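Understanding the architecture of this molecule
Letter by letter, the chains look like this.
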Amino acid sequence: MAADKQNEAKVSSMDENKENSPDGGLGLEILQIIKESQQQHGLRHGDYQRYRGYCSRRLRRLRKTLGFKMGNRHKFIGKKITVEILSDSRYLLLVLMEAERAWSYAMQLKQEANTEPRKRFHLLARLRKAAKHSEKLEKLCESPRVDAKTKLEAQAYTAYLTGMVEFELQEWKLAMEAFNKCKTIYEKLASAFTEEMAALYRQRVDEISPNIRYCAYNIGDQNAIIDLMQMRLTGGGGGMMAEKLEALITQARTKQAATMSEVEWRGRTVPVKIDKARVFLLGLADNEAAIAQASNEETKEHLYETLLAECRDTIQAVREELKSEAKQRERSSDADSGKVSNLQFLHSYLTYIKLCTLVKRNESMAHTLQAKLKEPEADENKRGPRPQDLIRLYDIILQSLAELSTLQGLEDDHTFQKEVSLKTLVYKAYRCFFIAQSYVLVKKWSEALVLYERVLKYAKEVRSKAKSLNNSLKDLPDVQELIAEVNAEKYSLQAAAILDTDETVEVPSQQQVKDNTPLCNRLETFRLDPTLVGKQPNLVQFPPEFQPIPCKPLFFDLALNHVAFPPLDDKVEQKGMGGFTGYIKGIFGFGS
């Protein structure tokens, strides 16, 4: 909490600098202020509740600073900001924060409305409230005291929030008009100001564009779906737009799925009766094309994860049908129970798609790591990629290939089994290569050389088996390139091993002879001792050795046992023998 308050204080001081126009009029960098506030107070992680709390605290501070309090703690007295009292740009910031608070609350309710549909009504009310505050801000900015840039930004902000309200109400035409107005203003502002501000305006335009295309599609423009798919590839349309886009794509595929009845794979035609499987298989080609056209690795990874999630859901639906089919077979006791059913073959086909997608995804990640591995490390303190990371990826690929060879219905397909075996050899060669690389890093030359020889053995097997299988190496990594790289690495390894041996055999010079004598005992002799600048320099011997020192002599009384003491009998008092008379005298007290 203390850190949050410090950040808020810094943002407040920065915003005060952005609230003054250089030409003397009132000015407010609306888009820059809200973007920085959102990034620093929760929206970087989608935490709208935290941002709403920040807006409330900011409003309280602004009212206190401006002396614009709404009554006291006992009574509320409403006040309105009018053009007449507009003497400070912080009054504009006050209205802006009210709009932002209402908008953030609406977005928080949108997240919660997935599980509680009744909150949608509250969401619409808060969005309307935000739009109302933005209209109030726009009217205040019409004052001649406010500069032209702030007026344009206020108009764009109002158009954006109005478009959000109409978008939620599914008034596509009105929403599209509002978003287009907002987009036009920001494009004009981007062309008129510095590159830093232009980048901010263009970012807002990119956020609005998917909403405009979605509205166009719902109005009736069928070409807009192509633009939306392209935006999906480039990672555009985040937040609530992403959910609507996925729902739109699923809806379009569901309409096409009604015409699909069967699928052919490995020479066998299988009827597809499950709707979920139809939708998935129809979208499979589009998903693969989208992955191939992805602009960056992050987008490609997201598309792979989406495809795998859809595939798992489809397999689960087919598995449920398989359970009911197995029960029916038990009741009917079919004689042809040994043959793989159409549903089971469909399940094998979907599993094949899932495993192949896993292989492609891990191979894509491996290519990315290989490229980073060849780059020089920019920061030594930061851990970069290592060969061990690639070994783990190739382990997962080999595990997926092992599952491919055990698919039901393909046990007797010798061509398929040979293809899987060939792929396994290729990925084993790459895995072995990176294991050798990891041994090179720890200077285990002999182990690395043996592993390089194993890589060449796998590569020769691949080349010999690939001759019998046409086009089998088309989608696999290049084995010839791996052979050339291994040969180069072998020569480098041999040279490094020879150099390392020379370093260990070399006789140290006279000046570098290791001596355990502390420095304080050899100050007259010069020697190159690298340990003196290390972590444990040998300066003095500690703890020091024991030395003999004189001590106080001990005296022992040895003559005592040989001394004869004089008799003392005459000094001791003699007591007489009393007897019975003495006893009687003692009882009655007559004794002397």
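This text gives an overview of the structure that appears in the document. (Residues numbered from 1 in each chain as written. Predicted model: local features only at pLDDT ≥ 70, side-chain atom pairs only at ≥ 80, totals over all residues. Heavy atoms only, no water.)

**Quick notes on the overall build of the chain**
Put simply, the test is: Only DSSP runs of H or I covering at least 4 residues are called helices, and only runs of E covering at least 2 are called strands; the numbering of each starts at the N terminus. For every residue, the accessible area (1.4 Å probe, protein chains only) is compared with the maximum for its type, and the residue is labelled buried under 20%, exposed over 50%, or partly exposed between those bounds. Using the Shrake-Rupley algorithm and a 1.4 Å probe, accessible areas are obtained, with residue cover drawn only from the displayed protein chains.
What the chain contains, in helices and strands, is 18 helices and 2 strands. Burial analysis of the chain (592 residues in total) assigns 39% to the buried set. Element-wise, carbon and sulfur atoms account for 52% of the exposed surface of the chain, whose accessible area totals about 37,200 Å².

**As for the side chain of H347**
How we decide: Whether two residues are in contact is decided by their heavy atoms: any pair within 4.5 Å suffices.
Mapped onto the secondary structure, H347 falls in helix 13 (residues 342-374). When neighbours within four sequence positions are excluded, H347 is seen to be in contact with I315, V318, R319 and L322.

**Comments concerning the packing of aromatic side chains**
What counts is decided by this rule: In this scheme Phe, Tyr and Trp rings, the latter by its six-membered ring, pair at centre separations within 6.5 Å, and the angle between planes marks the pair as stacked below 30 degrees, edge-to-face above 60, and tilted otherwise.
Counted under the stated rule, the structure contains 18 aromatic pairs. Measuring from centroid to centroid gives 6.0 Å for Y394 and Y430, while their planes differ by 20°, and the two rings are stacked. Of this pair, Y394 sits in helix 14 (residues 387-404) while Y430 is found in helix 15 (residues 414-441), placing the two residues 36 residues apart along the sequence. The class for Y394 is buried, based on a relative accessible area of 1%. By the ring-pair criterion, three or more aromatic residues cluster together here, those being Y394, Y427, Y430, F433, F434 and Y452.

**Topic: the side chain of T158**
You can see T158 is positioned in helix 6 (residues 148-168). Non-local contacts of T158, meaning those with residues more than four positions away in its chain, are made with S134, E135 and E138.

**Observations regarding the packing of helix 5 (residues 119-141) against helix 6**
The cut-off we apply is this: To get an axis, fit a line to the C-alpha atoms, keeping to the stretch in contact for a helix; angles then go from 0 to 180 degrees between the N-to-C directions. Here is the rule for angles: anything less than 35 degrees is roughly parallel, anything more than 145 is roughly antiparallel, 65 through 115 is roughly perpendicular, and the remaining ranges are oblique. A crossing counts as left-handed when the near helix is turned anticlockwise from the far one by less than a right angle, and as right-handed when that turn is clockwise. Put simply, Ala, Val, Leu, Ile, Met, Phe, Trp, Tyr, Cys and Pro go in the nonpolar bin, Asp, Glu, Lys and Arg in the charged bin, and everything else, Gly too, in the polar bin.
For the pair helix 5 and helix 6, the least separation of the axes is 9 Å and the interaxial angle reads 160°. Regarding the angle of helix 5 to helix 6, the classification is roughly antiparallel. Crossing of helix 5 over helix 6 shows left-handed handedness. Between helix 5, through R120, L123, L124, L127, R128, A130, A131, S134, E135, L137, E138 and C141, and helix 6, the contact on the second element is made entirely by T150, K151, A154, Q155, Y157, T158, L161, M164, V165 and E168. Among the residues forming the contact of helix 5 with helix 6, the class breakdown is 12 nonpolar, 4 polar and 6 charged.

**Quick look at the environment of E142**
Tracing the chain through its elements places E142 in the loop between helix 5 and helix 6. The class of E142 is exposed, set by a relative accessible area of 55%. Considering only alpha carbons, one finds E142 and L152, 10 residues apart in sequence, at a separation of 9.9 Å.

**Details of a nonpolar patch on the surface**
This is how it is decided: Patch definition: residues with relative accessible area over 30% and no salt bridge; like charges joined within 9 Å; nonpolar side chains (Val, Leu, Ile, Met, Phe, Trp, Tyr) joined within 5 Å. The term salt bridge refers to a pairing of a side-chain nitrogen on Lys or Arg with a carboxyl oxygen on Asp or Glu at a separation within 4 Å.
Judged by side-chain polarity, L539, V540 and F542 come together as a nonpolar surface patch covering roughly 350 Å² of accessible area. On the secondary structure map, L539 appears in the loop between helix 17 (479-505) and helix 18 (579-588). For L539, a relative accessible area of 42% gives the class partly exposed.

**Quick word on unusual backbone geometry**
Going from F542 to P543, the amide bond is cis rather than trans, its omega being -5°. Note that P543 resides in the loop between helix 17 and helix 18. Notably, Q170 is not glycine yet its phi reads approximately 60°, a positive angle. Relative to the elements of secondary structure, Q170 occurs in the loop between helix 6 and helix 7 (172-190). Phi at K443 takes a positive value of approximately 60°, unusual for a residue other than glycine. Mapping K443 onto the fold places it in the loop between helix 15 and helix 16 (445-466).

**Regarding helix 4 (residues 90-112)**
Put simply, the rule is: To estimate the expected span of a helix, subtract one from its residue number and multiply by 1.5 Å.
Spanning 23 residues, helix 4 covers 33 Å between terminal C-alpha atoms, matching the ideal 33 Å at 1.5 Å per step. Counting buried residues in helix 4 gives 19 out of 23 residues, a clear majority hidden from the surface.

**Re the packing of helix 6 against helix 8 (residues 195-219)**
Helix 8 packs onto helix 6 with a crossing angle of 25° between their chain directions and a minimal axis gap of 12 Å. Taken together, the axes of helix 6 and helix 8 lie roughly parallel to each other. Like other packed secondary-structure pairs, helix 6 and helix 8 cross with a definite hand, here left-handed. Listed contacts from helix 8 to K149, E153, Y160 and F167 of helix 6 are M197, Y201, R204, I208, N211, Y214 and C215. Along the lines of polarity and charge, the residues of the contact of helix 6 with helix 8 split into 7 nonpolar, 1 polar and 3 charged.

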